[in-house]
Amino acid sequence: MSLALQTFSTVKDANAALQVSGTLYLGGGTLVIRAANEGDVSVSNLIRVTEPSLSAISVSNGKARLGASVTMAAIARQPELAPLAPAARAVGGPAIRNMATVGGNLFAPAPYGDFAVALLALDASVATEDGETPMEAFLAGRDAGRAIVTAVEFSLPRAESFRFLKVSRVKPKGISVLSIAALLQRTADGTVTSARIALGCMADRPMRAKAAEKALLGHKLTAEEIAPALSAASDGIAPITDPIASAWYRGQVLPVHLGRLLLS
Ligand SMILES: Cc1cc2nc3c(=O)[nH]c(=O)nc-3n(C[C@H](O)[C@H](O)[C@H](O)COP(=O)(O)OP(=O)(O)OC[C@H]3O[C@@H](n4cnc5c(N)ncnc54)[C@H](O)[C@@H]3O)c2cc1C
């Protein structure tokens with residue numbers, strides 16, 4: 001079966017073309033083209049857009065805006081995005097990172113979506129032609145939407161307030177057993193005043209560990225004081241099973257790795 005590729009210079013025209021059945025947006029193609037090569041015949045038309053804003057990175061006044069076509073490699077080499085570099089470098093090996101885009105990562109099913117886990121912890125907003133949607137709501141509705149994502153925007157975290165961890169079995173570029181991102185604000189004496197924790201592989205898409213977030217408030221990051229948060233971390237999870245790890249295993253090791261991240 002043939003696969004047609006159409007290139008548009010504007011997102012508006014591409015969004016219109018995307019409404020035709022059998023049509024899919026092409027980001028870096030690391031998932032879409034692999035699926036086609038493996039025999040997925042559900043897609044007959046691919047759409048791409050050359051609008052320059054999709055590939056732009058802008059950082060100003062503590063805010064970062066990443067065009068949806070920005071690659072993981074571009075993020076990892078941008079000094080102003082240093083707090084995000086570990087999450088960008090967690091995606092595949094160098095060849096994948098050169099192609100893999102921010103937009104594509106938002107749609108990648110678990111065990112993929114490591115960068116999206118970081119964006120969820122950062123409370124990023126996701127831009128389409130229709131406006132901006134908070135990351136959590138975007139993820140919940142991503143299967144229904146067909147609009148092209150144009151950018152993500154978030155407040156740049158201070159390096160000491162943002163933590164990211166990917167656990168894999170094949171180093172350095174294996175896929176995730178799980179990934180965790182945490183944005184923690186603390187007072188001068190180390191008491192947690194706000195916490196956002198996002199988990200990868202604990203559902204089919206990134207999710208928040210809301211009970212653990214709540215259990216951290218008012219506490220310091222010591223082994224004793226984080227214990228209730230670790231117990232609460234499994235609240236509401238439905239981990240995936242794949243050849244890398246079973247759901248049971250992922251659930252068992254989540255508190256261990258969350259504990260390591262919080263104590264690091
Ligand atoms: C060998 C290998 C290793 C990998 N390792 C990892 C890993 O460690 N961690 C990880 O997170 N991922 C991994 N991936 C998955 C994938 O490379 C990344 O998730 C990547 O970010 C997907 O982006 P893409 O641009 O290639 O997506 P594409 O393949 O182009 O698209 C994926 C999906 O997203 C949609 N899409 C893409 N961009 C947009 C947009 N702007 N608006 C609307 N829809 C859009 C497409 O229509 C498609 O449905 C791996 C993939 C491979 C093949």
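Residues numbered from 1 in each chain as written. Predicted model: local features only at pLDDT ≥ 70, side-chain atom pairs only at ≥ 80, totals over all residues. Heavy atoms only, no water.

**Student:** Where do I start with the site of the ligand in this structure?
**Tutor:** Around the ligand sit 29 residues, and of these Y25, G28, T30, T101 and D114 come closest. Measuring from an oxygen atom of the ligand, one finds a backbone N or O atom of G28 at 2.6 Å. Here V32 contributes a backbone N or O atom positioned 2.8 Å from an oxygen atom of the ligand. Contact with the protein chains covers 89% of the free accessible surface of the ligand, which is 970 Å². Counting only elements with at least two residues in the shell around the ligand, the list comes to β2 (23–25), α2 (32–37) and α6 (102–107). (Near = heavy atom within 4 Å. Polar contact = N/O pair within 3.5 Å; in protein donor to acceptor, adjacent residues only side chain to side chain. Areas by Shrake-Rupley, 256 points an atom, 1.4 Å probe, with all protein chains shown as cover. Helix = DSSP H or I, 4+ residues; strand = E, 2+ residues; numbered from the N terminus.)

**Student:** Hey, could you run me through the domain arrangement of the protein chain in this one?
**Tutor:** Size of an interface: often given as the accessible area lost when the parts come together. Domain assignment breaks the protein chain into domain 1 (4–49), domain 2 (54–155) and domain 3 (159–263). Computed from C-alpha coordinates alone, the two centres of domain 1 and domain 2 are separated by 19 Å. Domain 1 puts 15 residues into the contact, and the matching count from domain 2 is 14 residues. Taking both sides of the interface into account, the surface hidden between domain 1 and domain 2 amounts to around 1200 Å²; carbon and sulfur atoms contribute 60%. On the surface where domain 1 and domain 2 come into contact, there are zero salt bridges. Linking domain 1 with domain 2 are five residue pairs in polar contact (both at pLDDT 80 or more). Among the elements of the structure, α1 (11–17) and β2 are those that each provide at least two residues to the side of domain 1 that touches domain 2. Considering each element in turn, the side of domain 1 that touches domain 2 owes the most residues, four residues, to α1. In terms of residue class, the side of domain 1 that touches domain 2 is made up of seven nonpolar, six polar and two charged. (Domains from an automatic or database assignment. Contact = heavy atoms within 4.5 Å. Buried area = accessible area lost by both parts, 1.4 Å probe. Salt bridge = Lys/Arg side-chain N within 4 Å of Asp/Glu carboxyl O. Nonpolar A, V, L, I, M, F, W, Y, C, P; charged D, E, K, R; others polar.)

**Student:** What should I look at first to understand the sheet that holds strand β4 (residues 57–60) in this one?
**Tutor:** Pairing between sheet strands relies on hydrogen bonds along the backbone, with the strands arranged either parallel or antiparallel. The strand order across the open sheet built from five strands is β4-β5-β8-β6-β7, with neighbouring strands paired in antiparallel fashion. Of all the strands in the sheet, just β4 and β7 (131–134) have a single pairing partner and so form its edges. The average undirected angle you get between the axes of adjacent strands in this sheet is 20°. In the sheet, strand β6 (residues 125–128) pairs with β7 via four bridges, with the strands oriented antiparallel. Following the sheet pairing, A127 is matched in β7 by E132. (Pairing = 2+ DSSP bridges. Axes fitted to C-alpha atoms, helices over the stretch in contact; angles between N-to-C directions.)

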